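Fold and geometry: a report
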Amino acid sequence: MLLGLGLATAARCGPELTSPDGIEAQTCVLTQGEETWARTYYRNATGRELSSVLSMMGPGGRSVRMHCAVGAEDEPGACETPRERTQGEPGAYTAVAEFAAPDGSGPLLLRSGSNSGRTQGR
């Protein structure tokens, strides 16, 4: 479907979450045309570098995992998986982002998911 300048993008996003340590994140599953991918938006106010793993799970046990470095700057950022051809219904896809110390030496600091079921056009 064409709207304005191109294909509409549907976004199913979970809630915006904030950890006591100072990480804010929201994770979404995006669908545009015949492609689906996951994206997490974040802000890292911890003052230290972190690592993030973004996983997108789809129908038939398919999954994609992306490792992202999260800088120590208190600036908004994003991490996303590669786009894949949508298999089945877009609603069958979910995504989860996890934030932790880059060397794995500390606890999980925040887990953010695309679990709200709300659909938004972007």
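The model shown is predicted, which means the values in this text are computed figures rather than measured ones.

So, on to the packing of aromatic side chains. Two aromatic rings, taken as a pair, are described by how far apart their centres are and by the angle between their planes. Applying the stated criterion to the full structure yields one aromatic pair. We note Arg83 situated over the ring of Trp37; from NZ or CZ to the ring centre the distance is 3.6 Å.

Turning our attention to the nonpolar core. Membership of the largest hydrophobic core comes to 18 residues, with the highest contact counts inside it found for Ile23, Tyr42, Leu54 and Phe99. Counting residues in each nonpolar core, the second largest holds five residues, with Ala11, Cys13, Cys28 and Leu30 among its members.

The next subject is the environment of Leu110. Position of Leu110 among the secondary structure elements: in strand E12 (residues 110–113). For Leu110, a relative accessible area of 9% gives the class buried. For the pair formed by Leu110 and Ile23, sequence separation is 87 residues and the distance between their alpha carbons is 7.1 Å. With residues near it in sequence (within four places) discarded, Leu110 still touches Leu17, Ser19, Ile23, Glu24, Ala25, Ala97, Glu98 and Phe99.

Moving on: the confidence of the model for the protein. Of the residues in the protein, 89% reach a pLDDT of 70 or more, and the chain-wide mean stands at 88. Under a pLDDT of 50 for its full length, residues 117–122 has, in the predicted model, 15 contacts with residues more than four places off or in other chains.

The next thing to look at is the state of the cysteines. Evaluated as defined, the whole model comprises two disulfides. Between the sulfur atoms of Cys13 and its disulfide mate Cys28 the distance is 2.1 Å. With the S-S bond torsion at 105 degrees, the cross-link from Cys13 to Cys28 turns out right-handed. Taken together, the residues Cys13 in strand E3 (residues 9–13) and Cys28 in strand E5 (residues 23–32) connect sequence positions 15 residues apart. The pair Cys13 / Cys28 is uniform in exposure class, with both members buried. Here Cys68 connects covalently by a disulfide to Cys79, the sulfurs 1.7 Å from one another. One quick way to see it: the torsion about the S-S bond of Cys68 and Cys79 is about 45 degrees, and its sign makes the bridge right-handed. Note that Cys68 is positioned in strand E8 (residues 63–70) and Cys79 in strand E9 (residues 76–80), a separation of 11 residues in sequence. Relative accessible area serves as the criterion here: at 15%, Cys68 is assigned to the buried category. Using a relative accessible area of 3% as the deciding quantity, one classes Cys79 as buried. Sequence-ordered numbering of the bonded cysteines in the protein yields a pairing of 1-2, 3-4.

Quick notes on the rules
- Residues numbered from 1 in each chain as written.
- Predicted model: local features only at pLDDT ≥ 70, side-chain atom pairs only at ≥ 80, totals over all residues.
- Heavy atoms only, no water.
- Phe/Tyr/Trp six-rings, centres within 6.5 Å; stacked < 30°, edge-to-face > 60°.
- Lys NZ or Arg CZ within 6 Å of the ring centre and 35° of its normal.
- Core = buried A, V, L, I, M, F, W, Y, C linked by side-chain atoms within 4.5 Å.
- Buried < 20%, exposed > 50% of the residue type's maximum accessible area, 1.4 Å probe, protein only.
- Helix = DSSP H or I, 4+ residues; strand = E, 2+ residues; numbered from the N terminus.
- Contact = heavy atoms within 4.5 Å.
- pLDDT = per-residue confidence, 0-100.
- Disulfide = S-S within 2.5 Å.

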